[in-house]
Amino acid sequence: MSILVLGGAGYIGSHTVYELIDGGMDVVIVDNLETGYAEAVHPKAKFYKGDIRSRSFIDSVFEQEKIDAVIHFAANSLVGESMVNPLKYYDNNLCGTKVLLESMVAHGIDKIVFSSTAATYGEPESIPILETDNNKPTNTYGETKLAMEKMFYWTSKAHGLRYVSLRYFNACGAHMSGEIGEAHNPETHLIPLILKVPNNQRENITIFGDDYDTKDGTCVRDYIHVTDLAQAHILAVKYLMDGGESNIFNLGNGVGFTVKEVIEVARKVTGHPIPAVMAERRAGDPAKLIASSAKAVEILGWKPQYADLETIIASAWKWHSTHPNGYKK
């Protein structure tokens, strides 16, 4: 079976490629390397550098390769940037997906797994968040991902495409081998920011707000190991290959950790004191974001293997301590 992974040189995409190849599948990667890294490309995958907004390029890939299903990670994903440069997100995320779907329909490829986000929900109405909860994104990034989901829905109605949309929460950790990991510029995710302190790249970690309605006053988030996310994408492909109907699934651990708890575990893992500095709340940060993944467990048979926070942070530290500058030498 040959799987096309769009954005396969990025953080979650590269980990999914590793899992696919370990599972004996053939993998074709498309990535424009805007935020991905050539060094993250698995040596056994076939790589095409290009942009999915180019119809001629994506057509050429489908003409050269026999593709059974597509996994789509190719999107801009920084919440803050999406608010100051919204048209960039509409251009890349929506226009790119439109061109991709046109090419898939033209080439008779009718199965796609889509990397979506918990940002489609906005401020949660209840905890844990269910797939049936209302979608009210509070930023451009979440809005474009929700619009992409709707694009898949209407394309499925018109052309028989079948899709799985995976809405996930806080992706974290690194491949257990330490070969690939998280490398963003700028870095906005909590765990790699914390680990910059023991890596001597910053003096402290900033906590934004300690007056939330949580057990220690700091925000609660649902952290899910990147390899567990990767496995869910593979299960979703198999679900579609077995005739499963279009569907949407949350991916999380169903357990929330506060910012202070994450910092404390990082101190234990690294043996570093990791000083923390308090700051004002950031606008738009919900107090709690925790997913219910019961549907994915029941229908896809998904079982996270790395749910323990210490395991997650230890895998991240193995990567960051040996790659302080990411993929750059």
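Conventions we followed
- All residue numbers refer to position in the chain's written sequence, counted from 1.
- Only residues with pLDDT of at least 70 get local features here, since the model is predicted, and only at 80 or more are side-chain atom pairs given and counted; chain-wide, interface and lining totals rely on the full set of residues.
- Values shown for side chains rest on all heavy atoms present in the structure; no hydrogens or waters enter the calculation.
- Each helix corresponds to a stretch of at least 4 residues labelled H or I by DSSP, and each strand to a stretch of at least 2 residues labelled E; elements are numbered beginning at the N terminus.
- Computation of the radius of gyration draws on C-alpha atoms, with the globule rule given as 2.2 Å multiplied by the number of residues to the power 0.38.
- Burial status follows relative accessibility: with a 1.4 Å probe on protein chains alone, a residue under 20% of its type maximum counts as buried, one over 50% as exposed, and anything between as partly exposed.
- Should any heavy atoms of two residues lie within 4.5 Å, those residues are considered in contact.
- The Shrake-Rupley method, run with a 1.4 Å probe sphere, supplies the accessible areas, and residue values consider only the shown protein chains as cover.
- Lys and Arg are tallied as positive, Asp and Glu as negative. Neither His nor the chain termini are counted.
- One atom stands in for each charge, and that atom is NZ of Lys, CZ of Arg, CG of Asp or CD of Glu.
- Centres within 6.5 Å make a pair out of two Phe, Tyr or Trp rings, where for Trp the six-membered ring is used; the pair is then stacked when the planes are under 30 degrees apart, edge-to-face when over 60, and tilted otherwise.
- Strand pairing is assigned whenever DSSP identifies at least 2 bridges connecting the two strands.

## Digging into the overall build of the chain
Helices and strands together make up the secondary structure of the chain, namely ten helices and 14 strands. By the compact-globule yardstick of 20 Å for 329 residues, the chain fits well, its C-alpha radius of gyration being 19 Å. In terms of principal-axis extent, the alpha carbons of the chain reach across some 55 × 45 × 40 Å. For the chain, with 329 residues in total, the buried portion stands at 55%. The contacts of the chain with a sequence gap of at least 6 include a subset with a gap of at least 24, amounting to 77%. As displayed, the chain has an accessible area near 14,100 Å², and 50% of this comes from carbon and sulfur atoms. Treating the 31 positive side-chain charges of the chain as one cloud and the 40 negative ones as another, the clouds have centres 1 Å apart.

## So, the packing of aromatic side chains
Tallied over the entire structure, the rule returns six aromatic pairs. Look at Tyr37 and Tyr327: their rings are 4.9 Å apart centre to centre, the planes differ by 35 degrees, and that puts the pair in the tilted class. Taken as a pair, Tyr37 in the loop between strand 2 (26–31) and strand 3 (46–49) and Tyr327 in the segment after helix 10 (309–322) lie far apart in primary sequence, 290 residues in all. The pair formed by Tyr37 and Tyr327 is uniform in burial state, with each residue classed as buried. Aromatic side chains Phe152 and Tyr163 sit 5.9 Å apart centroid to centroid with 25 degrees between the ring planes, which places their arrangement in the stacked category. Placement of Phe152 in helix 5 (residues 140–159) and of Tyr163 in strand 6 (residues 162–168) is noted, with a sequence separation of eleven residues between them.

## Examining the sheet that holds strand 9 (residues 220–221)
Spatial strand order, 12-9-14: three strands in an open sheet with mixed pairing. The open sheet is flanked by strand 12 (257–258) and strand 14 (288–289), the only strands paired with a single partner. With two bridges connecting them, strand 9 and strand 12 associate as antiparallel partners. Opposite Arg221, over in strand 12, you have Phe257 as the bridge partner.

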